[in-house]
Amino acid sequence: MLWKLLLRPQPCRLCSRRRVLPAPRHRPSVARFTCTPDNQSKKENERTVEKLYQCSVDIRKIRRLKGWVLLEDETYVEEIASILQQLGADETVVASILERCPEAIVRSPAAVSIQRDLWQSVCRNKEELVKLIEQFPESFFAVQDQENRKRNVQFFQELGLKNVVISRFLTTASSIFHNPVEQNKQMIRILQESYLNLGGSEANMKVWLLKLLSQDPFILLNSSAAIKETLEFLQEQGFTDFEILHLLSKLKGFLFQLSPRSIQNSISFSKSAFKCTDHDLKQLVLKCPALLYYSVPVLEERIQVLLKEGISIAQIRETPMVLELTPQIVQYRIRKLNSLGYRIKDGHLANLHGTKKEFEANFGKIQAKKGRPLFNPVAPLNVDE
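In this text the structure is predicted, and so the values were computed from the model without any measurement.

What the rule picks out here adds up to 8 aromatic pairs. Between Phe140 and Phe141, the aromatic rings sit 4.9 Å apart at their centres with planes inclined by 85°, giving edge-to-face as the arrangement. With a centroid separation of 5.7 Å and 45° between ring planes, the pair formed by Phe155 and Phe156 is classed as tilted. Arg302 extends its terminal NZ or CZ atom over the ring of Tyr294, reaching a point 4.4 Å from the ring centre. Seen from the ring of Phe363, Lys336 lies directly overhead, with NZ or CZ sitting 4.3 Å from the centre.

This is the structure in structure tokens:
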């Protein structure tokens, strides 16, 4: 058993020790040629392959996903691994990051250090930062526009956004940091003016704006013309400023993702499906703003699923919020209610819609009520003398 332990590959701590033990059978050959459209038979950088191997990286994954990295003349395997390890990443995490985002090794260590400092400014500790890098390595190693990123982070902090929200932006909405900070500031001003022009109050504006950005940061990628066009179209459809403000509060920035044409299509479909007047339809939309947001095929599918379950159009009109649920969720909830003998088609849809937590609470009440014995106040009590 001792000779097996001696032959087992032992990964280094800082990817700087060279191996002296025999290589395992799966060790990739460094004398590898890769064919690309630009260079038909360029040899892999042997030093890069060796350094990655020392870091316990599976070279086969890199060859399969982004083999071009192994052809680069200048790479920084040890330096990038060292930066990650200084944050507390162990060898397994470092290997995983480099396998998923091999282009990290062609980034300048100085640029990566600047990115590390920026991300660390919105993370509570190094452990949280390492987890973010492990989850979103491509976002972390996208090191272009660093000065612009820094200015945008500072602007969002001054605006009042919490660091946890900004860190989420960096990972899942990194495109908004490509905007010049003045462009993002201008869009914020337009949103604030729109809110106030619709009758919103100064006192509530900041809270509304921060919620809007938290739920849909991509609104910053919109144009001022598109926002104006959407608001004007809703006014032409007969919605008052107060009603538009209500829709904006419910849909947040998702409202501005819609074009007048898509809104018109959804309105026309809903009016036909529910056989209602313009006034009645407007009331339905105010109850369920998702009628504007969902496309016609989505609305049609959800209505058809409800009808197949025996639910009537009249019931849907009474509780249109049920259309916010996917067909799978609707069918699952109906089966659960049926298990208690509750026939949804004969009752109110209020027990069907809502969040998962709300549904489970309603289900629990129905279950408790069904299991509770009836009490007859005039029946004699059996009491032992």
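For the rest of this paragraph, the subject is the environment of Lys370. On the secondary structure map, Lys370 appears in helix H21 (residues 356-371). Lys370 sits in the exposed class, given a relative accessible area of 55%. In sequence terms Lys370 and Tyr342 are 28 residues apart; their C-alpha atoms lie 9.6 Å from each other.

Time to look at the pattern of salt bridges. Where charged atoms of side chains with opposite charge meet at close range, the side chains can pair. All told, the structure shown has 15 salt bridges when counted by the stated rule. Residue Glu78 pairs with Lys51 through a salt bridge whose shortest N-O separation is 3.1 Å. Here Glu78 is found in helix H4 (residues 77-86), whereas its partner Lys51 is found in helix H2 (residues 46-54), with 27 residues between them in sequence.

What follows concerns unusual backbone geometry. The backbone of Ser56 sits at a positive phi, close to 65°, despite the residue not being glycine. Residue classification places Ser56 among the partly exposed positions, given a relative accessible area of 35%.

Further remarks concern H4. Extensive coverage of H4 is indicated by the burial of 7 of its 10 residues. Turning to H4, its buried residues number three or more, namely Val77, Ile80, Ala81, Ser82, Ile83, Leu84 and Gln85. Buried residues belonging to H4 abut H2, helix H5 (91-100), helix H6 (109-120) and helix H7 (126-135). Just beyond H4, the residue with positive phi is Gly88, at close to 110°.

Calculation notes
Residues numbered from 1 in each chain as written. Predicted model: local features only at pLDDT ≥ 70, side-chain atom pairs only at ≥ 80, totals over all residues. Heavy atoms only, no water. Phe/Tyr/Trp six-rings, centres within 6.5 Å; stacked < 30°, edge-to-face > 60°. Lys NZ or Arg CZ within 6 Å of the ring centre and 35° of its normal. Helix = DSSP H or I, 4+ residues; strand = E, 2+ residues; numbered from the N terminus. Buried < 20%, exposed > 50% of the residue type's maximum accessible area, 1.4 Å probe, protein only. Salt bridge = Lys/Arg side-chain N within 4 Å of Asp/Glu carboxyl O. Contact = heavy atoms within 4.5 Å.

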